Amino acid sequence: MFLAFTLLTLGSALAMAFQKNVIVAGLFLVATFIGVSGLFILLSNPVSAALQIIVYAGAILVLLLFVIMMLNAHEEESPQDDLYLQRYIALGVGGLLLGGSLWFIKQSKLLQSVAERPIDQIAPTSLNEIGAEMLTRHIVSFEMIGLLLLVSMIGAITLVKKRL
């Protein structure tokens, strides 16, 4: 099962990245979210799996596709000349970001502390724990995300409507 969910997640993420049509890319994004949700289920964490489907596949993707359809961004772009220098710079920067990310993950104290504990001591996350963390330690982040979503929605409406 792990291999199936991994292949679903990676395959649909790659297909989404190389898709020219943004609507089809959005559908591949749904498949990616479903694969990640399946991986959460295999980790015995059904709350995170349900949140993955409800929040990401349900809300964020619908909002993304709605904005794409409002802005009429699904039209094909005109072909442009290949920018070879830009491609190589992007590959170099991407390689540096990947290498730096892997180095930071390897140096992470959190990852080392989790690796030292036996798997039976790692309990799945409950909905009560998520709610308590979100509304106590992370309340400022929670409010900032709400404000960011509000500003994004106002910006999208402003772009679409010429007169308010």
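What you are looking at is a predicted structure, and each value in this text was computed from that prediction instead of being measured. (Residues numbered from 1 in each chain as written. Predicted model: local features only at pLDDT ≥ 70, side-chain atom pairs only at ≥ 80, totals over all residues. Heavy atoms only, no water.)

Draft legend 1. Geometry of the overall build of the protein chain. Scanning the protein chain from terminus to terminus reveals seven helices and zero strands. Traced from its N-terminal end to its C-terminal end, the protein chain shows the element sequence α-α-α-α-α-α-α. Per-residue burial over the protein chain gives 13% buried out of 164 residues. Considering only intrachain contacts with a sequence separation of at least 6, the fraction spanning at least 24 residues in the protein chain is 58%. Looking at the protein chain as shown, the accessible area adds up to about 13,100 Å², and 72% of this sits on carbon and sulfur atoms. (Helix = DSSP H or I, 4+ residues; strand = E, 2+ residues; numbered from the N terminus. Buried < 20%, exposed > 50% of the residue type's maximum accessible area, 1.4 Å probe, protein only. Contact = heavy atoms within 4.5 Å. Areas by Shrake-Rupley, 256 points an atom, 1.4 Å probe, with all protein chains shown as cover.)

Draft legend 2. A look at the side chain of Thr9. Residue placement: Thr9 occurs in helix H1 (residues 2-17). One polar contact links the side chain of Thr9 to the main-chain carbonyl oxygen of Phe5, over a distance of 2.8 Å. Among all residues touching Thr9, those that are not within four sequence positions of it are Thr32, Gly35, Val36 and Leu39. (Polar contact = N/O pair within 3.5 Å; in protein donor to acceptor, adjacent residues only side chain to side chain.)

Draft legend 3. Summary view of the nonpolar core. Among the nonpolar cores identified, the biggest contains six residues, and these are Leu29, Phe33, Ala57, Leu61, Leu65 and Ile68. Of all the elements in the fold, those that place two or more residues in this core are helix H2 (22-42) and helix H3 (46-71). When neighbours within four sequence positions are excluded, Leu29 is seen to be in contact with Met16, Leu61 and Leu64. (Core = buried A, V, L, I, M, F, W, Y, C linked by side-chain atoms within 4.5 Å.)

Draft legend 4. Structural context of the side chain of Ser12. Examined against the element boundaries, Ser12 turns out to sit in helix H1. Only 3.3 Å separates the side chain of Ser12 from the backbone oxygen of Thr9, close enough to count as a polar contact. Discounting chain neighbours no more than four positions away, the residues touching Ser12 are Leu7, Phe28, Ala31 and Thr32.

Draft legend 5. Representation of the packing of aromatic side chains within the structure. Applying the stated criterion across every chain, the model contains two aromatic pairs. Pairing Phe33 with Tyr56 gives two aromatic rings, centres 5.5 Å apart and planes at 35°, and the pair type is tilted. Taken as a pair, Phe33 in helix H2 and Tyr56 in helix H3 lie far apart in primary sequence, 23 residues in all. For Tyr56, a relative accessible area of 39% translates into the label partly exposed. A centroid spacing of 5.0 Å and a plane angle of 70° characterise the contact between Trp103 and Phe104, whose relative ring orientation is edge-to-face. (Phe/Tyr/Trp six-rings, centres within 6.5 Å; stacked < 30°, edge-to-face > 60°.)

Draft legend 6. Main features of a nonpolar patch on the surface. Taken together, the side chains of Met134, Leu135, Ile139, Val140, Phe142, Met144, Leu147, Leu150, Val151, Met153, Ile154 and Ile157 present a nonpolar region at the surface, about 1,100 Å² in accessible area. Elements supplying a minimum of two residues to the nonpolar patch: helix H6 (127-135) and helix H7 (139-160). It is H7 that contributes the most residues to the nonpolar patch, 10 residues altogether. Inspection of the secondary structure puts Leu135 in helix H6. Since its relative accessible area comes to 52%, Leu135 is described here as exposed. (Patch = residues over 30% accessible without salt bridge, like charges linked within 9 Å, V, L, I, M, F, W, Y side chains within 5 Å. Salt bridge = Lys/Arg side-chain N within 4 Å of Asp/Glu carboxyl O.)

Draft legend 7. Structural view of the packing of H1 against H2. Axis separation between H1 and H2 bottoms out at 8 Å; the angle between their running directions is 155°. One way to sum up the angle between H1 and H2 is to call them roughly antiparallel. By crossing handedness, the relation of H1 to H2 is classed as left-handed. Counting all contacts with H1, which are made through Phe2, Phe5, Thr6, Leu8, Thr9, Ser12, Ala13, Ala15 and Met16, the residues of H2 involved are Ala25, Phe28, Leu29, Ala31, Thr32, Ile34, Gly35, Val36, Gly38, Leu39 and Leu42. Among the residues making up the contact of H1 with H2, the classes are represented as 14 nonpolar, six polar and no charged. (Axes fitted to C-alpha atoms, helices over the stretch in contact; angles between N-to-C directions. Parallel < 35°, antiparallel > 145°, perpendicular 65-115°, else oblique. Left-handed = near helix turned anticlockwise from the far one by under 90°. Nonpolar A, V, L, I, M, F, W, Y, C, P; charged D, E, K, R; others polar.)

Draft legend 8. Geometry of the confidence of the model for the protein chain. For the protein chain, mean pLDDT is 81; residues scoring 70 or higher make up 85% of the total. Model confidence for the protein chain, summarised as mean pLDDT per element, is weakest for helix H5 (residues 109-116) at 71 and strongest for H1 at 92. (pLDDT = per-residue confidence, 0-100.)

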